[in-house]
Amino acid sequence: MATIKVYPPSQLPDRGVSETQFKIWIEELEVYLSQVDRYEVFLEEGAYSTWDSQENKPDRITAVKGEDLTQPDRTKDAANIKRRCRDLRTVLSIVGKCVSQGHYEAVIRHSTSMQWIFDMLRCDYDIQQKGIHFLNILDLKYDSSKMTPIAFYNQYRTMITNNLSRKEEVIKFKNNLRLTEDERMTPMLEDMVLLNVLKDIDPRLPSHIRTHYTLKMSKTDKLMDFKNDIMTNIPKFLQELDKEEHLGLITGGPDSQLKWMRQQNQKRQMPWQDRKPQAGGQTGGQKPAAFGYQNQKMYCRLCHKSNLPRAVYTSHNLGDKKCAQLSSQDRQKLEQTFRMASINTPQDDLIPGEQPDKEGNNLAKEFGYGDCGELDDSSIQVISKTQDHQISPEFSRCNIPKLGYIRPVPTQILTVFIEENNKTPVHIDVDSGATLNYVREKETLKYGFNILPNGQLSTLGDGVTT
């Protein structure tokens, strides 16, 4: 007959034990001790599950219990007690080797039950469960470099299940209701746990998943029915959200940061007497004594001339390293020189048919640029196809023709199901996965196409190369 050897758990470290790690340690310890009948009686619900501390009673066990009481020859009680004391000492020695050295003495001399040992370790490792310790769930954070989404979900759910009420517990806010059975994880509670996990991984995920699964969830479906598919596709969902946010930043689409920028710009344009008073601040009609109000305006010449939205070119100043129109070479020159005197600001060519941005040009005039507040339509020129342009190595890109904004097109995804009840979706890319169209350099040279600089970034089909 084949046998399987069971090993005790690894020794606990001095610090840094999580709830999941501790539960695994307890399970392995109990499985190891239960392999021997003489040791199993000291586990929870065993005949000798409690004993005295060594300080109070050196013998620790003073009376027979369980099956020892059913022995017909009660004259052997003293011998049975002695045997049980010897077995208890062996069990505590095994447990002592599995805890840290700092806890060894407490296990050997002060313990009164296995549950006492577990409670002591929980207290010392600060992984207690009930009462105020329920709020320790706020400290659980998702780190993509250390855990997977499903691992984070299991940790979060474990902390919830550890705080479920047990039989005979009294629920005070329910008029001191005494439970007749253990509290269970209901389907609704399971859905709420999954929803909270998604929100903790990324606050944008719940809305994205609601849009993605709108046509897939029927009234009889639960969010947990799609848990495996959601957890598997979370990295892909996060990548899609990042692309949408990057695209929204470039095009001026709905973005929280751009929304805040627009609100700040609107406040600057409002008269002081029309502004609402703030708590603890000054009321409308009184201009606060903040110096340099006019100097708080920001303006980026590059973003303005790149036809980006006003909320973008007024969100930072020219030369800011966060500017999306600066190339890596531009940023290196900024870090080396620490001065902006070499920036050239001649008037750029407008795209034929484009309407002048009078508001932006007024702002440009305020910052000292020579547009005189207006754009002269007579200065518009069409670039000759035969003219050969070369990319200038200088810092400024305003003195050469440039390529306008190219709007990226997100990858088109076709979602199908491999079974009739629509529970296992398959996401298929119907194109190459690239966000822009490309042409080889040798083809452009062959046909004499103009090559103009452009500060945009796009992602290739592999999802990594830019």
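You'll find the structure just up there.
Residues numbered from 1 in each chain as written. Predicted model: local features only at pLDDT ≥ 70, side-chain atom pairs only at ≥ 80, totals over all residues. Heavy atoms only, no water.

Asks: What is the right way to read the side chain of Glu190 from this model?
Replies: Tracing the backbone shows Glu190 in helix α7 (residues 187-201). If near-sequence neighbours (up to four positions away) are discounted, Glu190 is found in contact with Tyr153, Arg157, Met185 and Met224. (Helix = DSSP H or I, 4+ residues; strand = E, 2+ residues; numbered from the N terminus. Contact = heavy atoms within 4.5 Å.)

Asks: Is there a simple way to think about the side chain of Thr444 in this case?
Replies: Relative to the assigned elements, Thr444 resides in helix α15 (residues 441-447). Relative accessible area serves as the criterion here: at 9%, Thr444 is assigned to the buried category. At 2.6 Å, the side chain of Thr444 and the backbone oxygen of Glu441 are in polar contact. If sequence neighbours within four positions are ignored, Thr444 has contacts with Val439, Phe449 and Ile451. (Buried < 20%, exposed > 50% of the residue type's maximum accessible area, 1.4 Å probe, protein only. Polar contact = N/O pair within 3.5 Å; in protein donor to acceptor, adjacent residues only side chain to side chain.)

Asks: Could you clarify how one ought to interpret the nonpolar core in this entry?
Replies: One recurring pattern in soluble globular proteins is that nonpolar side chains are buried together. Within the largest apolar cluster, 33 residues are counted, with the highest numbers of intra-cluster contacts made by Phe22, Trp25, Val95, Met114 and Leu121. Those elements that place two or more of their residues in this core are α1 (19-33), α3 (77-98), α4 (101-110) and α5 (114-125). A per-element tally of this core places α3 first, with eight residues. Beyond its immediate chain neighbours, meaning those up to four positions away, Phe22 contacts Leu12, Val17, Phe118, Leu121, Arg122 and Ile127. In this structure, Tyr156, Leu164, Ile209 and Ile230 belong to the second largest nonpolar core, which totals 26 residues. (Core = buried A, V, L, I, M, F, W, Y, C linked by side-chain atoms within 4.5 Å.)

Asks: Looking at this model, I keep getting lost on the environment of Thr148. Mind explaining?
Replies: The topology assignment puts Thr148 in the loop between α5 and α6 (149-162). Residue classification places Thr148 among the partly exposed residues on the basis of a relative accessible area of 43%. In this structure the C-alpha to C-alpha distance between Thr148 and Pro235, which are 87 residues apart in sequence, comes to 9.6 Å.

Asks: Which parts of the structure should I look at to understand the pattern of salt bridges?
Replies: Within this structure, the stated rule accounts for eleven salt bridges. Across the pair Arg38 and Asp87 runs a salt bridge whose closest N-O atoms are separated by 2.7 Å. Of this pair, Arg38 sits in helix α2 (residues 37-40) while Asp87 sits in helix α3, and the two are 49 residues apart along the sequence. With a relative accessible area of 38%, Arg38 lands in the partly exposed category. Since its relative accessible area comes to 2%, Asp87 is described here as buried. A salt bridge links Asp68 to Arg84, with the nearest nitrogen and oxygen atoms 3.0 Å apart. On the criterion of sequence distance, the pair formed by Asp68 in the loop between α2 and α3 and Arg84 in helix α3 is long-range, its members being 16 residues apart. Note on Arg84: relative accessible area 3%, which makes it buried. (Salt bridge = Lys/Arg side-chain N within 4 Å of Asp/Glu carboxyl O.)

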